Amino acid sequence: MPLHTQAAALVELYKSLGGPPIETQTPDEVRARYLQATLPSEEVVAEIRNVDANGVPARLYRPIPDAELGLLVYFHGGGWVIGNLETHDDTCRAIANNSGHCVLSVDYRLAPEFPFPTPLNDCVRATRWAFEHASELGCDSSRIALGGDSAGGNLAIAVAMEIEIPLRFLVLIYPGIDGTQQHRSQDENANGPVLTKAAVTWFLGHYLGSGGSRTDPRVSPQFATDAALASFPPTLVITAENDPLRDEGEAFAARLTALGIPTSSVRFAGQIHDFIRMSRFLDDTHSARALIGAMLKRAFASS
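For the structure given in this document, a descriptive report is provided here. Residue numbering note: each chain is counted from 1, following its sequence as written. Given that the model is predicted, a residue must reach a pLDDT of at least 70 before its local features are reported, and side-chain atom pairs must reach 80 or more before they are shown or counted; all residues, however, enter totals for whole chains, interfaces and linings. No hydrogens and no water enter the side-chain calculation; it runs on all heavy atoms of the structure.

A short note on the overall build of the protein chain
Thought 1: Along its length, the protein chain carries 10 helices and eight strands.
Thought 2: The atom set for the radius of gyration is the C-alpha atoms, and the globule formula is 2.2 Å times the number of residues raised to the power 0.38. Relative to a compact globule of 303 residues, whose C-alpha radius of gyration would be 19 Å, the protein chain shows 18 Å and is just as compact.
Thought 3: Principal-axis analysis of the C-alpha atoms gives the protein chain an extent of 45 × 40 × 35 Å.
Thought 4: Burial here depends on accessible area, computed with a 1.4 Å probe over protein chains only, as a share of the maximum for the residue type. Under 20% is buried, over 50% is exposed, and the range in between is partly exposed. For the protein chain, the residues scored as buried account for 55% of the 303 residues in total. To qualify as a helix, a DSSP run of H or I must reach at least 4 residues; to qualify as a strand, a run of E must reach at least 2; elements of each kind are numbered from the N terminus.

A look at the packing of aromatic side chains
Thought 1: Only rings of Phe, Tyr and Trp enter the pairing, Trp through its six-membered ring, and a pair is recorded when the two centres are within 6.5 Å. The plane angle decides the type: under 30 degrees is stacked, over 60 is edge-to-face, the rest tilted. Under the definition given, this model contains five aromatic pairs.
Thought 2: Note on Y174 and F275: the rings are 5.9 Å apart at their centroids and 55° apart in plane angle, and the pair reads as tilted. In this pair, Y174 sits in the loop between β6 (169-173) and α6 (184-188) while F275 sits in the loop between β8 (263-272) and α10 (283-301), placing the two residues 101 residues apart along the sequence.
Thought 3: With a centroid separation of 5.1 Å and 45° between ring planes, the pair formed by F268 and F275 is classed as tilted. No difference in accessibility class separates F268 from F275, as the two residues are buried.

Remarks on the pattern of salt bridges
Thought 1: We define a salt bridge as a contact between a side-chain nitrogen of Lys or Arg and a carboxyl oxygen of Asp or Glu at a distance within 4 Å. Counted according to the given criterion, the structure contains 21 salt bridges.
Thought 2: Between D216 and R218 there is a salt bridge, with its nearest N and O atoms 2.8 Å apart.
Thought 3: Residue class for D216 comes out buried when judged on its relative accessible area of 16%.
Thought 4: Residue R218 is classed as partly exposed on the basis of its relative accessible area, which comes to 34%.
Thought 5: Linked through salt bridges whose partners overlap, the residues forming this network are R59, E86, D89 and R93.

Topic: helix α2 (residues 27-36)
Thought 1: Among all positions of α2, only P27, V30, R31 and Y34 are buried. Around the axis of α2, the buried residues are gathered within 100° of arc, so they sit on the same side. Exposed side of α2, more than 90 degrees from the buried face: D28 and Q36 are the residues found there.
Thought 2: The criterion used for residue contact is that any of the two residues' heavy atoms lie within 4.5 Å. Contacts made by the buried residues of α2 are with α7 (197-208). Read the arc as the range of directions from the helix axis to the C-beta atoms.

So, the environment of C102
Thought 1: Here C102 lies in strand β4 (residues 102-106).
Thought 2: Here C102 falls in the buried class, since its relative accessible area comes to 1%.
Thought 3: Sequence separation of C102 and R62 is 40 residues, and the distance between their C-alpha atoms is 4.7 Å.
Thought 4: Residue contacts for C102: discarding those within four places in its chain leaves L60, Y61, R62, P63, L69, G70, L71, L72 and C139.

What to know about unusual backbone geometry
Thought 1: Put simply, F116 and P117 share a cis peptide bond, and its omega is 10°.
Thought 2: Tracing the backbone shows P117 in the loop between β4 and α4 (118-132).
Thought 3: Backbone geometry places Y174, a non-glycine residue, at a positive phi of 30°.
Thought 4: Positive phi, close to 75°, is recorded for D274, a residue that is not glycine.
Thought 5: Tracing the backbone through its elements, the reader meets D274 in the loop between β8 and α10.

Structural notes on the nonpolar core
Thought 1: In plain words, nonpolar cores are sets of buried Ala, Val, Leu, Ile, Met, Phe, Trp, Tyr and Cys residues tied together by side-chain atoms within 4.5 Å. Core analysis: the biggest nonpolar cluster contains 63 residues, and L71, F75, L146 and F232 have the highest contact counts within it.
Thought 2: Contact partners of L71, with chain neighbours within four places excluded, come to L60, C102, V103, L104, A130, L137, C139, R143, I144, A145 and F300.
Thought 3: A145, Y174, F275 and A288 belong to the second-largest nonpolar core, a separate cluster that totals 30 residues.

Things to note about the packing of α4 against helix α5 (residues 151-162)
When two helices pack together, their arrangement is given by the angle between the helix axes and by the axis-to-axis distance.
Thought 1: Two elements in contact, α4 and α5, have axes whose closest approach is 10 Å; the angle formed by their N-to-C orientations is 60°. One element, α4, and the other, α5, form an angle in the oblique class. You can see that α4 and α5 cross each other, and the crossing is right-handed. Only L155, A158, V159 and E162 of α5 make contact with α4, whose side of the interface consists of P119, L120, C123, V124, T127 and R128.
Thought 2: When its residues are assigned to classes, the contact of α4 with α5 shows seven nonpolar, one polar and two charged. Here the axes come from fitting lines to C-alpha atoms, over the contacting stretch only for helices, and the angles between their N-to-C directions go from 0 to 180 degrees. Here roughly perpendicular refers to angles of 65 to 115 degrees, roughly parallel to angles under 35, roughly antiparallel to angles over 145, and oblique to all remaining angles. Rotating anticlockwise by less than a right angle from the far helix to the near helix defines a left-handed crossing, while the corresponding clockwise rotation defines a right-handed one. Basically, the charged four are Asp, Glu, Lys and Arg, the nonpolar ten are Ala, Val, Leu, Ile, Met, Phe, Trp, Tyr, Cys and Pro, and anything else, Gly included, counts as polar.

What to know about the pairing of strand β5 (residues 139-149)
Thought 1: Counting buried positions over the 11 residues of β5 gives nine, a clear majority of the element.
Thought 2: Note on pairing: DSSP must find at least two bridges between two strands before they are called paired. Of the strand pairs in this sheet, strand β3 (residues 69-75) and β5 are connected by six bridges, and their pairing is parallel. Bridge pairing in β5 places L72 opposite A145.

Spelled out as structure tokens, the structure:
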């Protein structure tokens, strides 16, 4: 599976920077490198402010002043171990601008200091707060969507199964679906680029700690019952061809479709894990963000 020429150039840049494999580092070391590799955003948004979502730090992005808008509650990626409001600031700015609606980025606590189910519980609490306080945010509580990338997509699915809030849409960007790591793309892309199978194992180990299970549906949504998924809203699943998580995301999209849920599954050929954050380097980053924005806009416009 050849890399997109832009992705190939980016991978070579990563290699030139050096650094040990993720699974040989401490969480703090990986966090520092991830944040260091994050470039300041060039997206200008009408309003950005930090909020307290019932004890969970969050950041609101409003693309249009003085308007009651829909709200995407967004959970960042990073294997439940790394990432924060800053690493996904550019992504959230762009989704807000492309959709014309608000985005609330949730800064849930991270493993291994706070293993499963703490990150999930934080996301549930923040989502319930956002629904209950939507008017204070200048948003419409009848137009709520959930989304996230990688581990954040996993959390969005788990939150959707947990809450009883009516949702308009789900945005799942190369989501983690199978904690048992049994899908073919895990082996096809075992050595990366960007994300390796060993790194996925490292992230899962930190997230599960001593009390989690790889077959718990809240960790691995592929083990969820049909009944738990049957009430899901229309869903967009984005995958990257050269990504260990590719097949599990596409299998989940197929399952939602089989359950009668309007689901769009879009694979970006030649792309790599984490490409949604690479706006300075990849045209496909802008294409994916534009797609997310357009589908959110349509979902929020429907009655």
